[in-house]
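Topology and contacts: notes
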Amino acid sequence: MPHNSSNLAVSLNFVLHKSLLSLGFIGLYIALDAASFIHPLHGLNITPWNPAPALGLVFLLRQGAGSRPLLIAAVLLSECLVRGLPFPWWKSLLSALILAAGYLLLSEVLRRRMPPTTLLNDRATLLGWMVPVVLGTLLNSLVYLTSLHLLGLLPSDGLLIGVLQFWVGDAVGITVAMPLFWWLTGTCGRLALRSAFLCWETLGYSLLGLLALWIAFGLGGDGGFKLFYFLFLPIVWAAARQGMAGAIVSATLLQIGVIAAVQVLDFSAVTVAELQMLAVVMALVGFFIGG
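So, here's what we can say about the structure.

The rules behind these values
Residues numbered from 1 in each chain as written. Predicted model: local features only at pLDDT ≥ 70, side-chain atom pairs only at ≥ 80, totals over all residues. Heavy atoms only, no water. Axes fitted to C-alpha atoms, helices over the stretch in contact; angles between N-to-C directions. Helix = DSSP H or I, 4+ residues; strand = E, 2+ residues; numbered from the N terminus. Parallel < 35°, antiparallel > 145°, perpendicular 65-115°, else oblique. Contact = heavy atoms within 4.5 Å. Nonpolar A, V, L, I, M, F, W, Y, C, P; charged D, E, K, R; others polar. Salt bridge = Lys/Arg side-chain N within 4 Å of Asp/Glu carboxyl O. Buried < 20%, exposed > 50% of the residue type's maximum accessible area, 1.4 Å probe, protein only. 1 Å grid on protein atoms, 1.4 Å probe; cavity = no way out; pocket = protein on both sides within 12 Å on 5 of 7 lines; lining within 4 Å. Points joined across faces, edges and corners; volume = space filled by probe spheres on them.

**Some words on the packing of helix 7 (residues 187-197) against helix 9 (residues 232-265)**
In contact at an axis separation of 9 Å, helix 7 and helix 9 are set at 75° when each is read in the N-to-C sense. For the element pair helix 7 / helix 9, the angle class is roughly perpendicular. Facing helix 7, whose interface residues are A192, L193 and A196, helix 9 presents Q242, A245, I248 and V249. Here the contact of helix 7 with helix 9 is composed, by residue class, of 6 nonpolar, 1 polar and no charged.

Structural data, given as structure tokens:
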């Protein structure tokens, strides 16, 4: 009898853990989607920065095929809660399902190329991860935006700019945020990030990052592109001294800083997309130095 009670307690704890994990994932996915809902093209899910898919991909890779319905639920709920459902509602839900299917396919490709034990901290693995992300997000953008157009949700004159903006948003969001989420969901990664975060040098390159942001967007003003190269200094310092952990921390802080700056300065969506393309190059330079 005590043995049965113990098994029941273990089962209940397991169910409770999985339920809390699932709810936490869906809640965080929606929160990230809401936070990145800036400069939306035609009020749709077409933004120049989209980190939520990075969380979804890591969740699928860590939790396995059984978590696929949770990603679909997160995408559908986010569509309803963040953007609302214009009439007819089924068109928005259908487009969201198409988008979720694209993320599921991309996760399957990444699963075949990313060993569960990898920390994305060597150049071969980084390249094997980066190529599918760039090409997969491009294909997903083409399919998703075409579906929006065919469903009458996106006018034809917005199709080309929409594909570019959505591709940039997803590619940048996944490239910058996925290593962070991947490391946070693994024991070795968490310990390495904690060690890097508590190091005095982290304060140094973080302050240098703030200075670089001020130079690029403060002194540079509308011509911030000309001074954007200053942002490479803190991430190169971090990657050279702390490896991939430092590159992840610095890239995350700089990405948040860039988004905050463009929001405060109220840059146009096109300008934000161009800055994001520079930001992803900056992050990749840091990753490959640190790898």
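Further notes follow.
**Here we look at the pattern of salt bridges**
Counted under the stated rule, the structure contains 6 salt bridges. Here E108 ties to R68 by a salt bridge, and the two come within 3.4 Å at their closest N and O atoms. Of this pair, E108 sits in helix 4 (residues 89-113) while R68 sits in helix 3 (residues 68-83), placing them 40 residues apart in sequence. Relative accessible area serves as the criterion here: at 37%, R68 is assigned to the partly exposed category. If you follow the salt bridges from partner to partner, you end up with R68, E108, R111 and R112 in one network.

**Quick notes on the layout of surface pockets**
Taken as a whole, the largest pocket holds about 260 Å³ of empty space. Lining the largest pocket, in full, are L21, G24, F25, L28, L55, V58, F59, R62, Q63, F181, L184 and T185. Of all the secondary structure elements, the ones that give two or more residues to the lining of the largest pocket are helix 1 (2-35), helix 2 (52-63) and helix 6 (159-184). When grouped by side-chain class, the residues that make up the lining of the largest pocket number 8 nonpolar, 3 polar and 1 charged.

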